[in-house]
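Chain by chain, the residues:
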Amino acid sequence: MTLSTPTLHTERLLLRPFADSDADELFALQSNAEVLRYWDTPPWTERSQVARFMTGCQTMADEGTGARVVLIRRSDGEFVGWCTFNGWNPDFRSASLGYCLTEAAWGRGYATEAARALLTWAFNSLDLNRVQSETDTRNVASARVLEKLGFVREGTLREDCIVNGDVSDSWVYGLIRRDWIQSAAHCT
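Heads up: these notes are all about the structure in this document. Only a predicted model underlies this, so the values are computations on that prediction, with no experimental measurement involved.

## Examining the layout of surface pockets
Okay, so step 1: Empty space within the largest pocket amounts to approximately 1,200 Å³.
Okay, so step 2: When residues of the lining of the largest pocket are traced back to their parent elements, those giving at least two are β4 (79-89), β5 (94-101), α3 (110-125), β6 (130-136), α4 (140-148), β7 (152-163) and β8 (166-176).
Okay, so step 3: For the lining of the largest pocket, the element with the highest residue contribution is β5, accounting for six residues.
Okay, so step 4: For the lining of the largest pocket, the per-class residue count stands at 17 nonpolar, 16 polar and 10 charged.

## A look at the pattern of salt bridges
Okay, so step 1: All told, the structure shown has 10 salt bridges when counted by the stated rule.
Okay, so step 2: A salt bridge links Asp22 to Arg16, with the shortest nitrogen-to-oxygen separation between them at 2.8 Å. Per residue, the accessibility class of Asp22 equals that of Arg16, and both read buried.
Okay, so step 3: The network of salt bridges with shared partners includes Asp136, Arg138 and Asp166.

## Comments concerning the packing of aromatic side chains
Okay, so step 1: Inspection of every chain in the model, using the stated rule, returns seven aromatic pairs.
Okay, so step 2: Considering the side-chain rings of Phe85 and Trp88, the 6.3 Å spacing of their centres and the 35° angle between planes classify their relative orientation as tilted.
Okay, so step 3: On the accessibility criterion, Phe85 (0% relative accessible area) is buried.
Okay, so step 4: An aromatic cluster is defined as three or more aromatic residues linked by ring pairs; in this entry it consists of Phe18, Trp39, Trp44, Phe53 and Trp82.
Okay, so step 5: Across the ring face of Phe53, the terminal group of Arg68 is positioned such that the distance to the ring centre comes to 4.3 Å.
Okay, so step 6: Above the plane of the ring of Trp82 lies Arg68, whose end atom (NZ or CZ) is 5.2 Å from the centre.

Thresholds applied
Residues numbered from 1 in each chain as written. Predicted model: local features only at pLDDT ≥ 70, side-chain atom pairs only at ≥ 80, totals over all residues. Heavy atoms only, no water. 1 Å grid on protein atoms, 1.4 Å probe; cavity = no way out; pocket = protein on both sides within 12 Å on 5 of 7 lines; lining within 4 Å. Points joined across faces, edges and corners; volume = space filled by probe spheres on them. Helix = DSSP H or I, 4+ residues; strand = E, 2+ residues; numbered from the N terminus. Nonpolar A, V, L, I, M, F, W, Y, C, P; charged D, E, K, R; others polar. Salt bridge = Lys/Arg side-chain N within 4 Å of Asp/Glu carboxyl O. Buried < 20%, exposed > 50% of the residue type's maximum accessible area, 1.4 Å probe, protein only. Phe/Tyr/Trp six-rings, centres within 6.5 Å; stacked < 30°, edge-to-face > 60°. Lys NZ or Arg CZ within 6 Å of the ring centre and 35° of its normal.

Okay, here's the thing in structure tokens:
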């Protein structure tokens, strides 16, 4: 089953499928050590990683397992980052959420805005019951984003990641349909 990658509009952002023209900005984002300091992989060092990422976006859509969108600021067309809905399992009615934003976009509410739009699309388009997300326990800003969206911290994965010899823990967050519906009702 193919899952069409959506094009979504928020007050400040355009969320759309990745295009070849996003390659330079994507490489700059993913090769930035500060941006990826809490990530589960090291920063990119080779341009070929862009092609693998783009292929992964298409594979997710073709296999119906997710949708990854680029975030563009509507006011000036600036690349802000990306957001992903992946690991879609129609049998379990579950998936995962992730996002990565440029340093210039941090602290401006873009992650919350983009993730809310992608979650709205997913909950409305699919028979979705649960979304999970994980964040490094040191990444307090990402934890705040998830909590603003109605996610509940469900536990800690101890020593979950080792990147370049740095061992870190991850918090696991979950959002279930009934909590999303209740949270969405308070946002309107």
